[in-house]
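Structural overview
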Amino acid sequence: MRRRDHNIFANATSLLICGLLAGVVVAAAAFPAVAMSGLAAKAGGETFASLPSELRQATAPQITRIFASDNKTQISVFYDEFRSDAPLKDISKNMQNAIIAAEDHEFYKHNGVDLKGVARAIVSNKSGKSQQGASTLTMQLVRMTLAYSATSPQEVVDATKDTPKRKITEMKYAMQIEKELNKAKILEGYLNAAPFGNGAYGVYAASQVYFSKKPKDLTVAESALLASMVKAPTAFNPTTASGYPQALDRRNYVINDMKDLGLITPAEARKATATKISRTVKRPGNGCVSVAKNSWGFFCDYFYRWWLSQDAFGATTYDRERRLKSGGYRIQTSMDIKGQQAARKNISEHISEKNKNALLLAGIQPGTGRVRVLAANRRFKLDNPDNPKNKISSDPRKARKKIRGTYPNTTNPLLTGGGDITGYQAGSVFKIFTIVAALENGYPLAYSINAPAKYVSKYRIGPGRSTCNGIYYCPSNAGGGAGGVTNMWTGFSRSINTFFVPLQERVGAEKVVDVAQRFGVQFRTSTDAQLASNKASAHQWGAFTLGVSSSTPLEMANAYATLAGDGMYCAPTPVQQITSKGGEKIDVGKPHCIRATSKDVARAALDAARCPVGDTAQLGSCGGSRTAAQAHATIRHPIYGKSGTTDNSKTAALIIGSSSLTIAGYLVNPDYQNHKDQMSHGIVNPAVWNTMGDILKGTPKIQFKRPSSRKIAEGDQRSIPDVTCATLAGAVARVESAGFSASVSNNEVESQCPKGTAAGTNPSGRTIKGGYVSIEISKGSGKKPDDPGDAEKPKPPRRR
């Protein structure tokens, strides 16, 4: 009994509300001038009159597309809703007609509210017949607009819940819209906002998902299918078993209405009805796991992380992500397709995707910071936990727990850092920071030090294999030999540890650390950050010059690019231009450069850096041995750079720069850096120099600029006294009295002087004021060497 009473009450209430709605509509139609005032309030109560007078407009979410640097090649898309607005002129007339046939026969006749439709719906719904909504296209557009402009979840519910209040709201706003917009604009807005199922919003997305074509090319049959789905995208989904027959019936119903309305001919209707409906769709990819080419994934991910870090796009990472995925931006990134392809090809030629060791190549443009290349021997994808392809981690602790490693599949930012990726030790590539710091503090490139086999420093460290007397840091050279009389050209060329540690000691390790910070090293590990945090701790960081701090390939590529950029450090950026949906150029991601060192210091340091990679210094002599001499022979352009190797060859690195591009290559084990493998320069070196050669092929050979004065290279040059045939003690005294530092060499050389006397000096002739001079000992053989300064010098140790 109670249930029956309740139904009677509900029906009576519904009839009353419907009567009020009908009154509102009649009032609005009959008296448009006063429909929004007293008469409307009387007809529909205070609800109608209290509504805002203007509809708050909000653009529906739009696809953001990112392109390569050519601004033509699409890398990927980002979206919350797969949607991209299309102007009405780019939408097939078939589609325009189909949506009118499916949803609103009287579209071109009503003023936003269809009076006959409302009355018909009231009668039909209350008589127990099939439910009719009576919502015009304009009212439906209002509903979608209110949902998209909602600022809270409750507003979304209010905009979509089937209530009399919502109907009143839609009616008022629909009539307002009809006054302000013509029918073409309303139809365009509707077609771009409507949901079509399978993740497609708007007709552009729907035509792509269902037919892989543009909306201007839609046929009658295709248009009718899409129009039929708007009413209930899930129920009329042709890809499901239950939805297919309903979609077919609904499509044919729309085709028939198009015929009856005179929008198509009977022949066109028969042809469209006979067209089969596909049961499959092409769901659009989304984000970096759906890049056009998998090898572009690491660059795409770098762009995505960069976007989320930009305050200009929102106060929180959530806000920034929403803006990326709904803003409809066109983003021209800095990724160079040719460079990316070359990097991936050369990586593949030297190491497999299934190798636990990762070969990582990052390339950046000097003077802009634009990231050009990010490539690795990995597939950028999430490993499927239900069918994993990744091998068990090489980290013993993780292996015991059966945790899988990051090869061949990973989405970790291996090249750029972030999250758990703090970087990798890269060895002697860090020596460039010592050169820069020395130049900044008045030490010229020609500044020489007698580099021993093992150097006893004043740095205090804990017990270990690199200590002397238990507390002092005592580095040696690769191969164990002495470096001899060495300057910045020859020391960098041969990578002499026992030259760079004392040079750092004289300059101040804290100043070297400061250069690294200015050049972009992030110090992501807690230990590195603590040591770099203040001058006192940095001052005792004796091994810093040898590359014991963690870094990423992108950081070090950009650090070296700062030299070719004339001392300007440019923050890495993955974009060249961001354009809004409305065509506005957005000034975010443009080059942001600050001076990290002077032009002359940068140019002088770069001159020394030409030596390790086989190029010729313009300001001095590189000596004989080079750590990566084949680089210049392969690339055949002016280049600079450095190789690096850590203790026990746990990592191997090579950086090569030109005037237009700098590439850093690391060979590492990202899962377990304390491994026992020997990382080979035979893998990383050719991958780097071949990639650089491929990119620079056919481009102009641009020479590097010289410093404004040679003094930064040569310093204050003074003549070295002639000590030929003098006693060793007398030779030392004579050289030191001239203002040089002197000692006797351990090796004898061919000479016409008596045995045990001074055969000459190394260097001979002139050297920097206060520089080191070695007294050579005569063998007493009576022979005259071709070059006394270089005779019988100890062979330099080989350093990779």
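Since the model is a prediction, treat every value here as computed from it, not as a measurement. (Residues numbered from 1 in each chain as written. Predicted model: local features only at pLDDT ≥ 70, side-chain atom pairs only at ≥ 80, totals over all residues. Heavy atoms only, no water.)

Attention shifts here to the overall build of the chain. Scanning the chain for helices and strands turns up 29 helices and 27 strands. In the chain, buried positions account for 53% of the 800 residues. A sequence separation of at least 24 residues applies to 71% of the contacts in the chain between residues at least 6 apart. (Helix = DSSP H or I, 4+ residues; strand = E, 2+ residues; numbered from the N terminus. Buried < 20%, exposed > 50% of the residue type's maximum accessible area, 1.4 Å probe, protein only. Contact = heavy atoms within 4.5 Å.)

Further remarks concern the packing of aromatic side chains. Under the definition given, this model contains 22 aromatic pairs. Here a set of aromatic residues connected by ring pairs shows up, and it is made of F78, F303, Y304, W306, W307, F313 and Y329. Of note, K183 hangs over the ring of F107, and the distance from its end group to the ring centre comes to 4.6 Å. Over the face of the ring belonging to Y244 we find R279, whose NZ or CZ atom lies 3.6 Å from the ring centre. (Phe/Tyr/Trp six-rings, centres within 6.5 Å; stacked < 30°, edge-to-face > 60°. Lys NZ or Arg CZ within 6 Å of the ring centre and 35° of its normal.)

On to helix 16 (residues 337-348), then. If you check helix 16, its first and last C-alpha atoms are 16 Å apart, about what 12 residues at 1.5 Å a residue would give, namely 16 Å. Taken residue by residue, helix 16 has G339, Q340, A342, A343, R344, N346 and I347 as its buried positions. Next to the buried residues of helix 16 lie strand 6 (358-364), strand 7 (371-376) and helix 27 (681-696). (Expected span 1.5 Å × (residues − 1).)

The next thing to look at is the sheet that holds strand 6. Read from one edge of the open sheet, five strands run 7-6-22-21-20, paired in antiparallel fashion. Both edges of this open sheet fall to strand 7 and strand 20 (640-645), since each of them pairs with a single strand only. The sheet shows a mean angle of 10° between the axes of neighbouring strands, direction not considered. Inspection of the sheet shows strand 6 paired to strand 22 (residues 662-668) by seven bridges, in the antiparallel sense. Counted as the bridge partner of A362 is A664 from strand 22. Across the face of the sheet, helix 27 comes into contact with strand 6, strand 7, strand 20, strand 21 (652-657) and strand 22 while running at roughly 20° to strand 21. (Pairing = 2+ DSSP bridges. Axes fitted to C-alpha atoms, helices over the stretch in contact; angles between N-to-C directions.)

So, on to the pattern of salt bridges. Taken as a whole, this structure holds 30 salt bridges when the rule is applied. Between D85 and K581 there is a salt bridge, with its nearest N and O atoms 3.5 Å apart. Taken together, the positions of D85 in the loop between strand 2 (74-78) and helix 4 (93-103) and K581 in the loop between strand 17 (575-579) and strand 18 (585-586) put the pair 496 residues apart, joining distant regions of the chain. Exposure remark for D85: the relative accessible area of 31% places this residue in the partly exposed category. (Salt bridge = Lys/Arg side-chain N within 4 Å of Asp/Glu carboxyl O.)

What follows deals with the state of the cysteines. One pass over the full model with this rule turns up five disulfides. The side chain of C725 participates in a disulfide bridge whose partner is C753; the two sulfur atoms lie 1.9 Å from each other. Note on the C725 and C753 pair: the S-S dihedral is about -85°, so by sign convention the disulfide is left-handed. Note that C725 is positioned in the loop between strand 23 (717-719) and helix 29 (728-737) and C753 in the loop between strand 24 (741-749) and strand 25 (758-762), a separation of 28 residues in sequence. C725 gets classed as partly exposed once you look at its relative accessible area, which sits at 38%. (Disulfide = S-S within 2.5 Å.)

Here we take up the sheet that holds strand 25. The strand order 24-27-25 describes an open sheet built from three strands, whose pairing is mixed. Across the chains shown, the open sheet's two edge strands, defined by having one partner strand only, are strand 24 and strand 25. When strand polarity is set aside, the average angle formed by the axes of neighbouring strands in this sheet is 30°. Bridge analysis of strand 24 against strand 27 (residues 772-778) gives six bridges, and the strand direction is parallel. Residue pairing in the sheet places S741 in a bridge with Y772 of strand 27.

Following both chains from N to C, one finds helix 24 (residues 553-564) and helix 25 (residues 599-609) inclined at 115°, their axes separated by 7 Å at the closest point. Relative to helix 25, the element helix 24 lies roughly perpendicular. Within the contact between the two elements, helix 24 uses T562, L563 and A564 and helix 25 uses A602, A605 and L606. Here the residues of the contact of helix 24 with helix 25 are counted per class, giving five nonpolar, one polar and no charged. (Parallel < 35°, antiparallel > 145°, perpendicular 65-115°, else oblique. Nonpolar A, V, L, I, M, F, W, Y, C, P; charged D, E, K, R; others polar.)

Let's shift gears to the nonpolar core. Residues W307, F433, I435, L445 and M556 are the most contacted members of the largest nonpolar core, which totals 102 residues. Residues Y79, I99, A224 and A272 belong to the second largest nonpolar core, which totals 58 residues. (Core = buried A, V, L, I, M, F, W, Y, C linked by side-chain atoms within 4.5 Å.)

Moving on, we get to the side chain of R610. Along the chain, R610 falls in the loop between helix 25 and helix 26 (630-635). Note on R610: relative accessible area 2%, which makes it buried. A polar side-chain atom of R610 sits 2.9 Å from a polar atom in the side chain of Q703. Residues in contact with R610, not counting those within four places in the same chain, are D615, T616, Q618, R626, P638, I639, Y640, Q703 and F704. (Polar contact = N/O pair within 3.5 Å; in protein donor to acceptor, adjacent residues only side chain to side chain.)

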